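Below, each chain spelled out in residue letters.
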Amino acid sequence: MFDAPSDQAFESFIDAQSRRDVLRFITCGSVDDGKSTLIGRLLHDANQLFEDQLTRLKRDSRRYGTQDGDIDYALLVDGLAAEREQGITIDVAYRFFATDKRCFVVADTPGHEQYTRNMATGASTADLAVLLVDARKGLTRQTRRHSLILSMLGVRKVVLAINKMDLIGWSQNRFETIVSDYKAYAKKLGFFEIAGIPMSALSGDNVVHPAIAAPWYDGPTLLRHLESVPATETDAHAPFRFPVQWVNHRRGDFRGYAGMISSGKIRVGDRIKIQRSEHEAEVTRIITYDGDLDEAIAGQSVTLALSEEIDVSRGDVLTTLATVRLFADRLSARLFWTGEKPLVAGDQFELKLATATRRATVERVTHRLDPDSAEREHTGHLANNDVGEIVLGLDWPLTMEPYAGNRDLGSFILIDREHFDTVGIGLVLEPDAPLAPRRGERKGRSGLRSVLRQLGFGPAG
Amino acid sequence: MGYDAPFVIPSASRERRLVGRAALTHLQRLEAESIYILREAIAQSESPVLLYSIGKDSSVLLHLAMKAFYPARPPFPLLHVDTTWKFREMIAFRDARAKALGLELLVHTNEDGIARGVNPFVHGSDVHTDVMKTQALRQALDRHGFDAAIGGARRDEEVSRAKERVFSLRSANHGWDPKRQRPEPWRLYNGLKCKGESMRVFPLSNWTERDVWLYIYQEKIPIVPLYFAAKRPVVKRKGTLIMVDDERMPLGPGEVPQMRSVRFRTLGCYPLTGAIESTAATLPDVILETLAASTSERQGRLIDSDGAASMERKKQEGYF
Ligand SMILES: Nc1nc2c(ncn2[C@@H]2O[C@H](COP(=O)(O)OP(=O)(O)O)[C@@H](O)[C@H]2O)c(=O)[nH]1
């Protein structure tokens, strides 16, 4: 069954296949801006549709399509029955396609406000966002709300896809106005890169092939852009962080701590400490099924054996010795609230952060962000789909860091204590945050310490 | 961005990440992610089980489970829902693998369905699948009280799968409510559930068919020989090649099995699984043929073509 590969050619084919990197991106925008059509286009024009899928698509287009029997590419991604019937996208759908240059995972997300929570799922792991705008309508409230959430969840590269350009005669003027409006709005959102591309998802112009109708545009097509933008990688140079997932022990003879290295790297012989107890130990083995390693880096799932018999369990975090104490029972956080009822002080949740779970109480709702202006607004509650800042107290401390310093130790979900739904998505701003606003913070500004932390001068290893 | 910027999440560390680039390959990252998910599944459940369907995805899943808990054995049994219509080679392979790896294998068949004589030839694929797979799975999960079932489904297989979470909640009746899926950001899988509810966990969610084949090659993972081309007795029905795997297959008048060189892209109940004509008898040949293929792999599964929303309906009813 496993003959030696027949020839060199096969080996180099495999090699090339496994070297292609992956870009994860998300498409979002308001309902009917053309997200599903766009993804269908990408799959179709990048020749990623199989014959049988095309046949089924043609059949479904006649039955459910909105294109008078012509192919309705939206039906490729709107897979749920309710979506086909209502002609809307409810949930995030993941699609996979590849070109010679790169593999892509695209998360197509719902435009309906009611399903905004599903968009966050796709955004959290995206390297880039394609934000669709209907050229006739320009920026909408939903464009802005989505931008806030993208920014909050750490997406730093945005393609502003001005779609349906065919319906406004490929007006350069209109295109440029929308792009500059957006750039003005997005100034506060911390995106690194905003690339405006005029396109027609329906005809495919500037999606895969250049639009002849827009000779004034000399930028790349969407696909060209997606192929060339750098993907985000985990940082092997950051200090070592290892949230323990599971204790692997065999009666008497073996005890190891299983987890995924969150940042940095570890070598056999390195000394580490357990954040909770501040006990120290030496890493004696890095165990994998494929044999012990001398060194492991961020992103690898391994099992570590330690020199001391110390108390370590799920939820504990191993760090370098030089790391300051990261163990806290209060935090300020930025929160995307997806619960139905408004969030107010006194509400209690289960909070899950990395591999730890704690009881959390909302001590204060500090403010919400107005999606239209991205300005802070004082408030005592957060409504469904609001993004805002809160202070949480925990029944027992856990190891956390600002999101800026470490994504795994700086992000959490809030879980309803009755039906266990996930009702909030949060980022740690400041561990050990004070309950009352600090002096001089009345306008809701973060303290200097917090700003420094956010800029990456946080506790270092 | 400046001090006044109300909403800047720091970029310094994000950009810095680009420096330490590409230390892990795509397959290494997928592997690490799946191992992480497997460990979360057992850390967040009382009584987990791995649904072992004997196909190539299950083979990959089992291999990942061996890695995730090494040097311990995976802390859960394997469950195979046997419709009694699986290819004989699948059953032989199943028993050999469980034995070689030293894992507990539970086999469940819907005895009620057997007693009623449910049969894919007589009752069609819909009824057969519902009784012998969907209901059988529910029976098995209820009987053993499993609260987490780990399966090898991938998002690239089918449109409703593309919308499934990694940790996917099922009601006490094993139903799936696509409108009530929980947000699932980053790697924060929420495994909490009310009494009676259970989780389906899909560690291979982000794998594609291409990744699965490349990984099987890289890791030398054993798979059922039916994936490789060989001369096998087949008949052609409604344009699909069906292998005559045993004497239960009713042949029409004048229908004579022919020996043809075929292989399977997906494995299930033999009367419902189409073969493709191929001479790809080695893994490199299969990989080359697969990556250049012009039909998607589920084409071979007759149960998916019933209708656009058929898979979703099956899942709502408790099909895996
Ligand atoms: N004229 C024109 N129509 C478009 C274009 N893109 C999408 N549409 C149409 O706009 C409608 C909504 O598109 P759809 O992809 O379902 O939007 P979604 O709700 O964002 O997924 C459909 O009728 C599409 O055919 C475009 O570039 N030009």
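Residues numbered from 1 in each chain as written. Chains lettered and ligands numbered in written order. Predicted model: local features only at pLDDT ≥ 70, side-chain atom pairs only at ≥ 80, totals over all residues. Heavy atoms only, no water.

Draft legend 1. Up close: the overall build of chain A. Check the secondary structure of chain A and you find 10 helices and 24 strands. Across the 461 residues that make up chain A, the buried fraction comes to 60%. Pairs at least 24 apart in sequence give 69% of the contacts found in chain A among residues at least 6 apart. Roughly 18,000 Å² of accessible area belongs to chain A as shown, and the carbon and sulfur atoms make up 48% of that amount. (Helix = DSSP H or I, 4+ residues; strand = E, 2+ residues; numbered from the N terminus. Buried < 20%, exposed > 50% of the residue type's maximum accessible area, 1.4 Å probe, protein only. Contact = heavy atoms within 4.5 Å. Areas by Shrake-Rupley, 256 points an atom, 1.4 Å probe, with all protein chains shown as cover.)

Draft legend 2. View of the overall build of chain B. If you tally the helices and strands in chain B, you get 9 helices and 10 strands. The long-range fraction of contacts in chain B, counting pairs at least 24 apart against all pairs at least 6 apart in sequence, stands at 74%. With the model as given, the accessible surface of chain B reaches about 11,500 Å², and the carbon-plus-sulfur share is 51%.

Draft legend 3. Summary view of the sheet that holds strand S3 (residues 105-108) of chain B. Residues and elements named next belong to chain B. Pairing is mixed across the open sheet formed by 6 strands, whose spatial order is S3-S2-S1-S4-S6-S5. The open sheet terminates on both sides in strands that have one partner only, identified here as S3 and strand S5 (167-170). Each strand of the sheet is rotated relative to its neighbour by a mean of 30°, with strand direction disregarded. Where S5 meets strand S6 (residues 198-201), 4 bridges bridge the pair, whose relative direction is antiparallel. For Leu169, the partnering residue across the bridge sits in S6 and is Met199. Across the sheet, helix H4 (residues 88-101) touches strand S2 (78-81) and S3, and the angle it forms with S3 is around 150°. (Pairing = 2+ DSSP bridges. Axes fitted to C-alpha atoms, helices over the stretch in contact; angles between N-to-C directions.)

Draft legend 4. How the structure looks around the pairing of strand S12 (residues 280-287) of chain A. All names here are of chain A. Judged from the 3 bridges that link them, strand S11 (residues 271-274) and S12 form a sheet pairing that is antiparallel. Pairing of Ile272 across the sheet is with Ala281, part of S12. Hairpin remark: S11 followed by S12, antiparallel, with 5 residues in the connecting loop; positive phi at Glu278, about 60°.

Draft legend 5. Just the side chain of Glu227 of chain A, in detail. Topologically, Glu227 of chain A is positioned in helix H9 (residues 222-228). Not counting residues up to four positions away in its chain, the partners in contact with Glu227 of chain A are Thr99, Lys101, Arg102 and Phe104 of chain A.

Draft legend 6. Inspection of helix H2 (residues 35-45) of chain A at higher detail. With respect to burial, H2 of chain A is a largely interior element, 10 of its 11 residues being buried. For H2 of chain A, the set of buried residues is Lys35, Ser36, Thr37, Leu38, Ile39, Gly40, Arg41, Leu42, Leu43 and Asp45 of chain A.

Draft legend 7. Local environment of the side chain of Arg241 of chain A. Residues and elements named next belong to chain A. As for its placement among the helices and strands, Arg241 is situated in strand S7 (residues 241-243). In terms of polar contacts, Arg241 uses its side chain to reach the side chain of Thr323, at 3.2 Å. Among the polar contacts listed, one links the side chain of Arg241 to the side chain of Glu401, at a separation of 2.8 Å. (Polar contact = N/O pair within 3.5 Å; in protein donor to acceptor, adjacent residues only side chain to side chain.)

Draft legend 8. Looking closely at the pattern of salt bridges. The tally for this structure, following the rule as stated, stands at 46 salt bridges over all chains. Where Lys188 of chain A meets Glu375 of chain A, a salt bridge forms, and the shortest distance between an N and an O atom there is 2.6 Å. On the criterion of sequence distance, the pair formed by Lys188 of chain A in the loop between helix H8 (172-186) and strand S6 (193-198) and Glu375 of chain A in strand S20 (residues 375-378) is long-range, its members being 187 residues apart. A relative accessible area of 27% means that Lys188 of chain A is categorised as partly exposed. Several salt bridges share partner residues, and in doing so they unite Asp290 of chain A together with Glu31, Lys67 and Glu219 of chain B into one network. (Salt bridge = Lys/Arg side-chain N within 4 Å of Asp/Glu carboxyl O.)

Draft legend 9. Summary view of the packing of helix H1 (residues 8-19) of chain A against helix H7 (residues 209-219) of chain B. Two elements in contact, H1 of chain A and H7 of chain B, have axes separated by 11 Å at closest approach and are oriented at 125°. It follows from the interaxial angle that H1 of chain A and H7 of chain B lie oblique. Our pair here, H1 of chain A against H7 of chain B, has a crossing hand that is left-handed. The segment H1 of chain A lies against H7 of chain B, with Phe10, Glu11, Ile14 and Gln17 of chain A engaging Arg210, Leu214 and Tyr217 of chain B. A breakdown of the residues in the contact of H1 of chain A with H7 of chain B according to their chemical character gives 4 nonpolar, 1 polar and 2 charged. (Parallel < 35°, antiparallel > 145°, perpendicular 65-115°, else oblique. Left-handed = near helix turned anticlockwise from the far one by under 90°. Nonpolar A, V, L, I, M, F, W, Y, C, P; charged D, E, K, R; others polar.)

Draft legend 10. Inspection of unusual backbone geometry at higher detail. Residue and element names in this part refer to chain B. Of note, the amide linkage connecting Tyr70 to Pro71 takes the cis form, showing an omega dihedral of 5°. Of note, Pro71 is situated in the loop between helix H3 (56-69) and S2. Located in the positive-phi region is Trp186, a residue other than glycine, with phi close to 50°. Looking at the secondary structure, you find Trp186 in the loop between S5 and S6. For Trp186, a relative accessible area of 5% gives the class buried. Backbone geometry at Lys220 places phi at a positive 55°, although glycine is not the residue there. For Lys220, the location among the structural elements is in the loop between H7 and strand S7 (230-237).

Draft legend 11. Geometry of the packing of helix H2 (residues 26-43) of chain B against H7 of chain B. Residue and element names in this part refer to chain B. Interhelical geometry of H2 versus H7 gives an angle of 95° and a closest axis separation of 11 Å. Considering their axes alone, H2 and H7 lie roughly perpendicular with respect to each other. Where H2 approaches H7, its residues His26, Leu27, Leu30 and Glu31 are matched on the opposing element by Asp211, Leu214, Tyr215, Gln218 and Glu219. For the contact of H2 with H7, a count of residues per class yields 4 nonpolar, 2 polar and 3 charged.

Draft legend 12. Region of interest: the packing of aromatic side chains. All names here are of chain A. Inspection of the entire model under this criterion finds 21 aromatic pairs over all chains. Ring centres 6.4 Å apart and planes at 80° place the aromatic pair Phe175 and Tyr217 in the edge-to-face group. With Phe175 in helix H8 and Tyr217 in the loop between S6 and H9, the pair connects residues that are 42 residues apart, well separated along the chain. For Phe175, a relative accessible area of 7% corresponds to the buried category. (Phe/Tyr/Trp six-rings, centres within 6.5 Å; stacked < 30°, edge-to-face > 60°.)

Everything listed here is a matter of coordinates, which is why it stays silent on function.
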